[in-house]
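Letter by letter, the chains look like this.
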Amino acid sequence: MALQKFFQRVKFISKIIPTLLAVLIFLSSLGIGGPEKPDGETLRYKGQLLSIRRDPLTRAPLIIRGIESNLLELKNFSKLSRKEITHTGPLLVSKYQPLLQIGPDQLKLKGAEKISDTWYVSYWQTFQGVIIYESSLGYSIDLRGRIKSLGALLFPHVQAPVTSKVNHDEALKIGQSQIKDFKKLKCILLAESILIYPVKKKSSIDYYRVYAFNFFPQEALHPASVVGGWAVFIDTQTGKRVLYEELLKPLGCCIPEDWVPPKPEEMKPKW
Amino acid sequence: MVCACKEKTEKSSLPKLGTAAIDFNFQDLRGQTWSLDKVRGKVVLLRFWADWCPYCRYEMPVIDKYYRKLNKEGFLVLAVNVKQSAEVALAFTAQLDITFPVPLDPDGKIARRYGVYAIPTNFLIDRQGVIREILIGEVFREEAVLRDLLKDYFKFERRGEEK
């Protein structure tokens, strides 16, 4: 009798398995294109439930989401000026400083734009006032002044030189010498800056203080030209090249008939 | 329509309008593998971008708005990040609350195959896998441009709303 019951159960289970599988496949397909699920860890921070996804190497948060509540709610948001909105980053960093592991004074505004009633605000992280290459902290603010989540690429424990041993002109010459046919191509220096350049290794990060140069051949300046440029980073301590990369052109559309080449300060640098 | 660089595009190796989109396999930020052949039947906006390009940044919310609206009707956005790390791309998509798939092209191989020389560059691929539009440079900050582009493929009831 018991054996019969057992076989009946097995029969029943084997009948419903294909249906269950189909349901599972259907449910998983719904995930495509849907909102990002809370991935990574969840933790309670000052009584607030948060979802955090961390950078595997630095352990700094890449994403923080409020699960039951927003990260920040701005009072009288509709009355805030653009300038006040650009000050929301330091507020956010102050509130979540132990998680973000950087201070509010380390932010430098990258951009703030309002698109369809939503503000999009982003910053670079700085080290001793110098921008860290590819670092970011940004978020959107909805029309009610709510910040629900943030995205970040932060470097919590930067150890980098604070002065340069190689002078600028020397570094520029080294940078120019990296480009084959620099003179023939009539290359122009379109952007330059001192940056902290983090190079990720297996279990650590090397931080270089670099002279960052963006060079473009004269021909590339026309938006219709398919010619690109180069990013060259020279170590301020040794004068050695630490990055050489072909650059795609960032392009605003379209080309007006009275187009004139942009001035260097109008070009968007790669950092 | 090839926007921006009509006169000189013949110099680049951009694919020609009306030809089949080049297939490729890639992984997105969620680890999902995509292939253009596998999404045949959908209208695909294949987009190349990087986070340091400000023109790329502020188009994203507009594109995402239409992706959320039309995804169930077969509109797919594949926004290929060019030559950056997964962490950079992930932080960026979280900042803008983007929901569409973001494939990674860390060495720029896919961008080269598509002849991309400036960012953003967008390719609109129809349900048969044929390239119908190439748009170079920032064009979608004005929502109407994207809406007009999609109106041949999706029904819109009123301005900004799909049927």
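Shown above is the structure to which this text applies.
Procedures and definitions
Residues numbered from 1 in each chain as written. Chains lettered and ligands numbered in written order. Predicted model: local features only at pLDDT ≥ 70, side-chain atom pairs only at ≥ 80, totals over all residues. Heavy atoms only, no water. Salt bridge = Lys/Arg side-chain N within 4 Å of Asp/Glu carboxyl O. Helix = DSSP H or I, 4+ residues; strand = E, 2+ residues; numbered from the N terminus. Buried < 20%, exposed > 50% of the residue type's maximum accessible area, 1.4 Å probe, protein only. Pairing = 2+ DSSP bridges. Core = buried A, V, L, I, M, F, W, Y, C linked by side-chain atoms within 4.5 Å. Contact = heavy atoms within 4.5 Å. Polar contact = N/O pair within 3.5 Å; in protein donor to acceptor, adjacent residues only side chain to side chain. Nonpolar A, V, L, I, M, F, W, Y, C, P; charged D, E, K, R; others polar.

Asks: What is the right way to look at the pattern of salt bridges in this model?
Replies: Pairing between side chains of opposite charge can happen when the charged atoms of each approach one another. Using the criterion set out here, one finds 15 salt bridges over all chains in the structure. In this structure, A:Arg54 and A:Glu41 form a salt bridge, with 2.5 Å as the shortest nitrogen-oxygen distance. Taken as a pair, A:Arg54 in strand β2 (residues 48-54) and A:Glu41 in strand β1 (residues 41-45) lie far apart in primary sequence, 13 residues in all. The salt bridge partner of B:Asp51 is A:Lys110, with a shortest N-O separation of 4.0 Å. Taken as a pair, B:Asp51 in the loop between β4 (43-49) and α1 (54-57) and A:Lys110 in strand β5 (residues 107-115) lie in two separate chains rather than in one.

Asks: Would you explain helix α2 (residues 60-70) of chain B in this entry?
Replies: Note that an α-helix has 3.6 residues per turn; residues three or four places apart therefore point the same way. The element α2(B) is largely enclosed, with a buried count of 8 among its 11 residues. Within the sequence span of α2(B), burial applies to B:Met60, B:Pro61, B:Val62, B:Ile63, B:Asp64, B:Tyr66, B:Tyr67 and B:Leu70.

Asks: Which parts of the structure should I look at to understand the pairing of strand β9 (residues 131-136) of chain B?
Replies: In the case of a regular strand, side chains alternate between the two sheet surfaces. All names here are of chain B. By the criterion of burial, β9 is predominantly enclosed, with 5 of the 6 residues buried. Note: strand β8 (residues 121-125) against β9, 5 bridges, orientation antiparallel. Residue Phe123 lies in a different strand from β9, and its bridge partner there is Ile134. Taking the residues between adjacent antiparallel strands as the criterion, β8 and β9 are bridged by 5 residues, where Gly129 takes a positive phi near 85°.

Asks: I tried to follow the nonpolar core on my own but got confused; where do I start?
Replies: Generally speaking, soluble globular proteins have nonpolar side chains that are buried together. By size, the foremost hydrophobic cluster in this structure holds 98 residues, and its most contacted members are B:Phe48 and B:Tyr114. Excluding residues within four positions of it along the chain, B:Phe48 makes contact with B:Val80, B:Val82, B:Ile110, B:Ala111, B:Tyr114, B:Val116, B:Ile119, B:Pro120, B:Thr121 and B:Phe123. Counting 29 residues, the second-largest nonpolar core is a separate cluster that includes A:Leu43, A:Leu50, A:Leu74 and A:Ile85.

Asks: For this particular structure, what's the right way to read the interface of chain A and chain B?
Replies: Interfaces are often sized by the amount of accessible area the parts lose when they come together. Taken together, the 51 residues of chain A in the interface contact 44 residues of chain B. At the junction of chain A with chain B, the criterion picks out 2 salt bridges. On inspection of chain A and its partner chain B, the count reaches 7 residue pairs in polar contact (both at pLDDT 80 or more). Counting residues per element, the ones that place at least two in the side of chain A that touches chain B are β3 (61-66), β5, β6 (118-127), β8 (136-141), β10 (149-153), β14 (241-247) and β15 (249-250) of chain A. Classifying every residue of the side of chain A that touches chain B by side-chain character gives 25 nonpolar, 13 polar and 13 charged. For β15(A) and strand β7 (residues 118-119) of chain B, the ladder comprises 2 bridges, and the chain directions are parallel. Within β7(B), the residue paired with A:Pro250 across the bridge is B:Ile119.

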